[in-house]
Amino acid sequence: LALLLTTCPDESLRDPAKALSLANTANTTTRQSSATILHTLALTQADNNENKKALQSLDRARALARATGKQELQKTLRLKREEIAARIKPPSEQD
């Protein structure tokens, strides 16, 4: 549900704050041991302008994905990290 509330193309169905709350609960419940849930948490954090936290969540998710051999997820997480990192660079450092 957190993923839907943060990524739904229909803006009327989006609820970033609720999505973040749900993703935090899921992450706590799984003791930060699920790369997929950490990915969802990162998306909700970014949607709530918590970009530095999102990068930390993505880094944890990438480490878990790497440890479990989930190569496609690793690629997805790397691309999302690059996207979010670009948002927080000072304008002088952007291309």
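The following refers to the structure shown. Worth saying up front: this structure is predicted, and the values here are computed from it rather than measured.

It is worth spelling out the pattern of salt bridges at this point. Within the structure shown, the criterion is met by six salt bridges. Measuring nitrogen to oxygen at the nearest pair gives 3.6 Å for the salt bridge that ties Glu11 to Arg14. Residue classification places Arg14 among the partly exposed residues on the basis of a relative accessible area of 22%. Here Arg78 ties to Glu82 by a salt bridge, and the two come within 3.2 Å at their closest N and O atoms.

Before going further, it helps to examine helix H5 (residues 71-88). The α-helix winds at 3.6 residues per turn, so residues separated by three or four positions along the chain end up facing the same way. Taking 1.5 Å per residue, 18 residues should reach 26 Å; H5 reaches 26 Å between its end C-alpha atoms and fits that length. If you check which residues of H5 are buried, you get Leu73, Leu77, Lys80, Ile84 and Ala85. Each buried residue of H5 sits inside an arc of 135° when the element is viewed along its axis, so together they form one side. Away from its buried face by more than 90 degrees, H5 exposes Gln71 and Glu72. Considering only its buried residues, H5 is in contact with helix H3 (35-47) and helix H4 (51-67).

Looking now at the packing of H3 against H5. Where H3 meets H5, the axes come as close as 12 Å, and the angle between the chain directions of the two elements is 20°. Of the possible angle classes, the one that applies to H3 and H5 is roughly parallel. Along this stretch, H3 crosses H5, giving a crossing that reads as left-handed. Of the residues in H5, those touching H3 at Ala35, Thr36, His39, Leu43 and Ala46 are Leu73, Thr76, Leu77, Lys80, Ile84 and Arg87. Of the residues that constitute the contact of H3 with H5, the class distribution is six nonpolar, three polar and two charged.

For the rest of this paragraph, the subject is helix H2 (residues 16-29). Spanning 14 residues, H2 covers 20 Å between terminal C-alpha atoms, matching the ideal 20 Å at 1.5 Å per step. Buried within H2 we find Ala19, Leu20, Ala23 and Asn27. The buried residues of H2 occupy an angular sector of 100° when projected down its axis, which confines them to one face. Counted as exposed and oriented over 90 degrees from the buried face of H2: Ala17, Thr28 and Thr29. At its buried positions, H2 is contacted by helix H1 (2-7) and H3. Positioned one or two residues after H2, Arg31 has a phi angle of 55°, which is positive.

Quick notes on the rules
- Residues numbered from 1 in each chain as written.
- Predicted model: local features only at pLDDT ≥ 70, side-chain atom pairs only at ≥ 80, totals over all residues.
- Heavy atoms only, no water.
- Salt bridge = Lys/Arg side-chain N within 4 Å of Asp/Glu carboxyl O.
- Buried < 20%, exposed > 50% of the residue type's maximum accessible area, 1.4 Å probe, protein only.
- Helix = DSSP H or I, 4+ residues; strand = E, 2+ residues; numbered from the N terminus.
- Expected span 1.5 Å × (residues − 1).
- Arc of directions from axis to C-beta.
- Contact = heavy atoms within 4.5 Å.
- Axes fitted to C-alpha atoms, helices over the stretch in contact; angles between N-to-C directions.
- Parallel < 35°, antiparallel > 145°, perpendicular 65-115°, else oblique.
- Left-handed = near helix turned anticlockwise from the far one by under 90°.
- Nonpolar A, V, L, I, M, F, W, Y, C, P; charged D, E, K, R; others polar.

The analysis is restricted to geometry; functional conclusions fall outside its scope.
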